[in-house]
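Fold and geometry: a report
Given next are the chains, with one letter for each unit.
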Amino acid sequence: MRQIPEERRQASGEPDGLYGRLKAFEGRAAATAGTGKDPVNEPMIRHWCEAMGDTNPAYSGPEAIAPPTMLQAWTMGGLSGHTDRSAAYEELFGLLDGAGCTSVVATDCEQEYLRPLRPGDRITFDAVIESVSERKTTKLGTGYFVTTRMDVRADGELAGTHRFRILKYAPAAPKRAARDGGRKLRPRPVINRDNAGFWQGVAEHRLLIQRCGDCATLRFPWLPGCNACGCQEWDTVEASGEGTVFSHVVMHHPPFPAFGADGAGGPYAVALIELTEGVRMVSNVIGVPCDKVRTGMPVRLEFLRTDDELELPVFRGGEG
């Protein structure tokens, strides 16, 4: 009897025989006796804090601790990867790939911190396949949410847990026509309770920066609490709109038609803009050829309407 491929059974709504096979992997090890490639160390802490703009004094000096959100960083394998993934983990993902679920997107993570990590701590970890969801259909496609939980230890003592969830899916067929007469649209920003005020400001053609209600430190992007003192009270100041290019890249590939005025999708400049107020933000530089964008170039805020529903803060480059 001819077998129907799993992806066609998914589309037809027939019973999901694959799910039972995937469910059997719950509780099995994903990684065993993993070892961090480096002990907790001051240079990595410093680089992290500089990249995140985190000036908390707890992360420097002789009694320094690592930022708690670095928990996963000490377990990562880098470009050379890790060799401690279990056979069960590889088999699970082989089943998903064989069913047409060859694409993957990270969806969310949860971390629990049990004790601070300090320079010199040696990191080991174990991971377990915690759960596999029933088949789900999303805008990206149809697939399964796979959740792993990692227990991270410092010198043998449990320091925290990291729960990571991904969607392994078969990509949905592209729609033949997009909204606005088939014109490609830019991705929509994710608006939530932490950044809704920023996007309300954009709608009013105002670029708003958060200001801590205690220490008055300015911060961007928007956060629920101050990254300098931890205070959760804040107000806003309106940026002047003046700034300079701190660093930049020119995107050539892959092409995204929505990012080019002519529909070609590139190349275009993406820059880290340092505002005169002292904070930095990522945006596009317009008004000059992308190969003419330079570090230190003065820029001025504008608001670019990309379609009927979306307006974005961008920066026009200048030579003066």
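Throughout what follows, the structure given in this document is the object of discussion. (Residues numbered from 1 in each chain as written. Predicted model: local features only at pLDDT ≥ 70, side-chain atom pairs only at ≥ 80, totals over all residues. Heavy atoms only, no water.)

**Side note on the overall build of the protein**
- Assigned secondary structure in the protein consists of five helices and 14 strands.
- A total of 320 residues make up the protein; the buried ones form 37% of that total.
- Across the protein, contacts joining residues at least 24 apart in sequence account for 65% of those joining residues at least 6 apart. (Helix = DSSP H or I, 4+ residues; strand = E, 2+ residues; numbered from the N terminus. Buried < 20%, exposed > 50% of the residue type's maximum accessible area, 1.4 Å probe, protein only. Contact = heavy atoms within 4.5 Å.)

**Describing the sheet that holds strand β11 (residues 268–275)**
- Taken in spatial order, the five strands close into a barrel running β10-β11-β12-β14-β13, and their pairing is mixed. Across the sheet, the axes of successive neighbouring strands diverge by a mean angle of 50 degrees, strand direction being ignored.
- Where strand β10 (residues 242–251) lies against β11, eight bridges are found, and the strand directions are antiparallel. Across the sheet, the residue bridging to Thr244 is Glu274, located in β11.
- Its contacts with the sheet put helix α5 (residues 196–203) on β13 (298–307) and β14 (310–317), and the angle it makes with β14 is roughly 75 degrees. (Pairing = 2+ DSSP bridges. Axes fitted to C-alpha atoms, helices over the stretch in contact; angles between N-to-C directions.)

**Comments concerning the pattern of salt bridges**
- As enumerated under the stated definition, the model contains 19 salt bridges in all.
- Between Arg149 and Glu130 there is a salt bridge whose closest N-O contact spans 3.2 Å. Of this pair, Arg149 sits in strand β5 (residues 141–154) while Glu130 sits in strand β3 (residues 123–132), and the two are 19 residues apart along the sequence.
- Judged by relative accessible area, which is 27%, Glu130 ranks as partly exposed.
- The shortest N-O distance in the salt bridge between Arg163 and Glu130 comes to 2.5 Å. Taken together, the residues span a long stretch of sequence, with Arg163 in strand β6 (residues 157–171) and Glu130 in strand β3 at a distance of 33 residues.
- Taken together, the shared-partner salt bridges connect Glu110, Glu130, Arg149, Asp151 and Arg163 into one network. (Salt bridge = Lys/Arg side-chain N within 4 Å of Asp/Glu carboxyl O.)

**Describing the packing of aromatic side chains**
- For the structure shown, the criterion picks out five aromatic pairs.
- Each ring, one from Phe198 and one from Trp199, has its centre 5.1 Å from the other, and the planes form 80 degrees; the classification is edge-to-face. The burial state of Phe198 is the same as that of Trp199; both residues are buried.
- For the ring pair Phe198 and Phe220, a centre distance of 5.4 Å and an interplane angle of 65 degrees mean the geometry is edge-to-face. Within this pair, whereas Phe198 is found in helix α5, its partner Phe220 is found in the loop between β8 (218–219) and β9 (234–238), the two being separated by 22 residues in sequence. The exposure classification of Phe198 matches that of Phe220, with both residues buried. (Phe/Tyr/Trp six-rings, centres within 6.5 Å; stacked < 30°, edge-to-face > 60°.)

**Thoughts on the environment of Val202**
- Structurally, Val202 is set in helix α5.
- Among the residues examined, Val202 registers a relative accessible area of 2% and is labelled buried.
- Taking the C-alpha atoms as reference points, Val202 and Glu311, separated by 109 residues in sequence, lie 7.4 Å from one another.
- With residues up to four places along the chain from it excluded, the contact list for Val202 reads Phe303, Glu311 and Pro313.

**Some words on the side chain of Asn195**
- Residue position: Asn195 is located in the loop between β6 and α5.
- For Asn195, a relative accessible area of 16% translates into the label buried.
- Among the polar contacts made by the side chain of Asn195, one reaches the main-chain amide nitrogen of Asn192 at a distance of 2.8 Å. (Polar contact = N/O pair within 3.5 Å; in protein donor to acceptor, adjacent residues only side chain to side chain.)

**Overview of the layout of surface pockets**
- Its volume calculated, the largest pocket comes out at about 1,400 Å³.
- Along its surface, the largest pocket is lined by 43 residues, and Phe220, Pro221, Arg280, Met281 and Val282 are the ones closest to its centre.
- Listing elements by their share of the lining of the largest pocket, those giving two or more residues are α3 (42–52), α5, β8, β11, β12 (280–286) and β14.
- Broken down by element, the lining of the largest pocket gets its largest block of residues, five residues, from β12.
- Considered class by class, the residues forming the lining of the largest pocket number 26 nonpolar, 10 polar and seven charged. (1 Å grid on protein atoms, 1.4 Å probe; cavity = no way out; pocket = protein on both sides within 12 Å on 5 of 7 lines; lining within 4 Å. Points joined across faces, edges and corners; volume = space filled by probe spheres on them. Nonpolar A, V, L, I, M, F, W, Y, C, P; charged D, E, K, R; others polar.)

**A look at the nonpolar core**
- Leu22, Ile45, Trp74, Leu92, Leu117 and Tyr144 are the most contacted members of the largest nonpolar core, which has 36 residues in total.
- Listed by contribution, the elements that provide at least two residues to this core are α2 (17–23), β1 (29–35), α3, α4 (87–98), β3, β5 and β6.
- At six residues, α4 tops the list of elements feeding residues into this core.
- Other than its neighbours up to four places away in sequence, Leu117 contacts Val40, Ile65, Ala66, Leu71, Trp74, Ile123, Ala154 and Ala159. (Core = buried A, V, L, I, M, F, W, Y, C linked by side-chain atoms within 4.5 Å.)

**Let's talk about α4**
- Between its terminal C-alpha atoms α4 stretches 16 Å, which fits the 16 Å expected from 12 residues at 1.5 Å a residue.
- Burial in α4 covers these residues: Ala88, Tyr89, Leu92, Phe93, Leu95 and Leu96. On an axial view of α4, the arc spanned by its buried residues comes to 150 degrees, and they lie on one face. Exposed side of α4, more than 90 degrees from the buried face: Ala87 and Gly98 are the residues found there.
- In this fold, the buried residues of α4 make contact with α2, β1, β3, β5 and β6.
- Remark: Gly100 follows α4 within two positions and exhibits a positive phi of approximately 95 degrees. (Expected span 1.5 Å × (residues − 1). Arc of directions from axis to C-beta.)

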